[in-house]
Amino acid sequence: MRWIRRRRLPLFERIPVRWRIAITTAGLTLGILVCFALVLGQVVGHRIRSDFREELRSAARSLAAETRVSTDPVFGPVVTKSPDLRAFALPEDAVITVLDSSGRPVAATNTSIHLGPPRSGIHNVGDLSVATVPITATGSLPAYVQYGRPDAGVNDTVARLWFFLGAGVIGGTLLALLAGLAVADRAMRPIKALTGLARQITSTRDPSSRIPVPVTEDEVGELARTMDGMLQALDEARSEREQSLERQREFVADASHELRTPLTSIHANLELLQSAAVGSSDDRQAVDSALSSTKRMSGLVSDLLLLARADAGRRLATRQIDLAAIAAGALEEVQPLAGERRIESQLEGPLPLQGNPDELHRLIRNLLENAVRHTPEKTTIELTARRDGDEALLEVIDDGPGIPSAMEDQVFDRFVRGDGPSDIAGGGGSGLGLAIVRAVAESHGGSVTAGKSTYGGARFSVRLPLEQATEADSEANSKPASESGVRGQAPARPD
């Protein structure tokens, strides 16, 4: 058998559909939220920093408007008018420095911190943001006010902003994933119901089941209506096929039954003609050939009639019989056809069961003839019948070529012929012998299997349900049955 290698699907396509829907929804939501967070973070962060710088400028301008610098003959430039610098800087933990026109400090809240030379705008000195504003008030010398504040608070605020935006993105994505799973699960619920019903129909092989069609007009409703229509069509086709097969079985059974009467009449007339033939040897040979062909045709019609009855469920009358005795009788019939083959038997009885003796006789005879037909000369064939629990186990074992590999089930199909010797009287057979064996076994509530024996040959095992044993039967079963007077038998070899 040539194995077809399946194409390996991508990982995403191996995920269940509802998870794919949820992941896709969450991915789209993640992309939207990330873009929104980036824009919002940039805008809000820029606005926070801009407001901080504006506060620096405003505080510096307010301080410059209230500050005056003049020249002292002894100390040089001094601040003659200004708010209390320390009180002005304390609420914001700021650093204030007043510089003269040359950039030398005139006054400062913290002389250990140098805010650098005066620069226009805002510049950074360490962890301080410094705004420099010139003093242009009337009566004041040219000077500068430097107002610096730590920017750690602003940075912390911006960091918290990004943290909350990131948490919002993650939370929104998780909510979108859960919402996608819930929506997908709700959307896939009708599909699950259809899948479960389809799986049930597959296991029962009963297309008569109907799919509940939802009232919605969406894709799921359309799928349900389509599947229901398909099941209706399959059910109708199956009904038509069964009716056709039933008519065919009835026809075959009736035709086979009707053919038996003229064939029996022809067979009887040919036997009379054979016994009374006084003509030439050619006439006698023609009669013998016609009689042989009639026998084969009668056998084939009988086989077809048995199979047709089994297919149509017709059973012949049954009674309580002894399977061991039936097996002994079938062995006596096959023994003359064995040639140089050795047939051994071990029949432990009685084996009481409810069945039709003619059909069970045909079953055992077919198994023995099959063993004779497909084994070479000087082969040993074993027929055993014994009790196995509540069943009778009948086996035919040989040490011939055996059954071809992987054909243990096919040998019971109709018109299947195996290879091997075919010197049994009547030729190579019609290919219906083992099919009849299976049909008879199943009609009696049993089964038949084929396999390999420990000798390397074929093994056919038939199991049939036994009748409830009485106390007398139990005593009889404790003693081995006789070999039914069959000549040429020997004890069976252990298998």
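Just above sits the structure.
Residues numbered from 1 in each chain as written. Predicted model: local features only at pLDDT ≥ 70, side-chain atom pairs only at ≥ 80, totals over all residues. Heavy atoms only, no water.

**Here we look at the pattern of salt bridges**
Evaluation of the coordinates by the stated rule reveals 15 salt bridges. Across the pair Arg463 and Glu391 runs a salt bridge whose closest N-O atoms are separated by 3.2 Å. Placement of the pair is Arg463 in strand 14 (residues 458-465) and Glu391 in strand 12 (residues 391-398), with a sequence separation of 72 residues. A residue is classified by how much of its surface remains accessible, and Arg463, at 30% relative accessible area, is partly exposed. (Salt bridge = Lys/Arg side-chain N within 4 Å of Asp/Glu carboxyl O. Helix = DSSP H or I, 4+ residues; strand = E, 2+ residues; numbered from the N terminus. Buried < 20%, exposed > 50% of the residue type's maximum accessible area, 1.4 Å probe, protein only.)

**Some points on the packing of aromatic side chains**
Two aromatic rings are characterised by how far apart their centres lie and by the angle between their planes. Throughout the structure, instances matching the rule amount to 3 aromatic pairs. Residues Phe412 and Phe460 carry aromatic rings whose centres are separated by 6.1 Å and whose planes lie at 85° to one another, so their mutual orientation is edge-to-face. Taken together, the residues span a long stretch of sequence, with Phe412 in the loop between strand 12 and helix 9 (433-443) and Phe460 in strand 14 at a distance of 48 residues. Of the two residues, Phe412 and Phe460, both sit in the buried class. (Phe/Tyr/Trp six-rings, centres within 6.5 Å; stacked < 30°, edge-to-face > 60°.)

**Topic: the nonpolar core**
The biggest cluster of nonpolar side chains holds 47 residues, and the ones touching the most others in it are Leu323, Ile364, Leu367, Leu383, Leu394 and Phe460. No other element matches helix 7 (residues 323-334), which puts 8 residues into this core. Filtering out sequence-adjacent residues up to four positions away, Leu383 remains in contact with Ala327, Leu331, Glu344, Ser345, Gln346, Leu347, Ile364, Leu368, Leu394, Glu395 and Val396. Ala60, Val69, Ala89 and Ala94 belong to the second-largest nonpolar core, a separate cluster that totals 20 residues. (Core = buried A, V, L, I, M, F, W, Y, C linked by side-chain atoms within 4.5 Å. Contact = heavy atoms within 4.5 Å.)

**Considering the sheet that holds strand 13 (residues 447-452)**
Whether parallel or antiparallel, the strands of a sheet pair through hydrogen bonds between backbone atoms. Pairing is mixed across the open sheet formed by 5 strands, whose spatial order is 9-11-12-14-13. Each edge of the sheet is formed by a strand with only one pairing partner; in this case those strands are strand 9 (342-347) and strand 13. Averaged over neighbouring strand pairs, the angle between their axes works out to 15° when direction is ignored. As defined by bridge partners, strand 13 adjoins strand 14 across 6 bridges and the pair is classed as antiparallel. By the bridge assignment, Ala450 is partnered in strand 14 with Phe460. Lying on the sheet, helix 8 (residues 357-373) is in contact with strand 11 (380-388), strand 12 and strand 14; it crosses strand 12 at an angle near 20°. On the sheet, helix 9 packs against strand 13 and strand 14 and is oriented at approximately 135° with respect to strand 13. (Pairing = 2+ DSSP bridges. Axes fitted to C-alpha atoms, helices over the stretch in contact; angles between N-to-C directions.)

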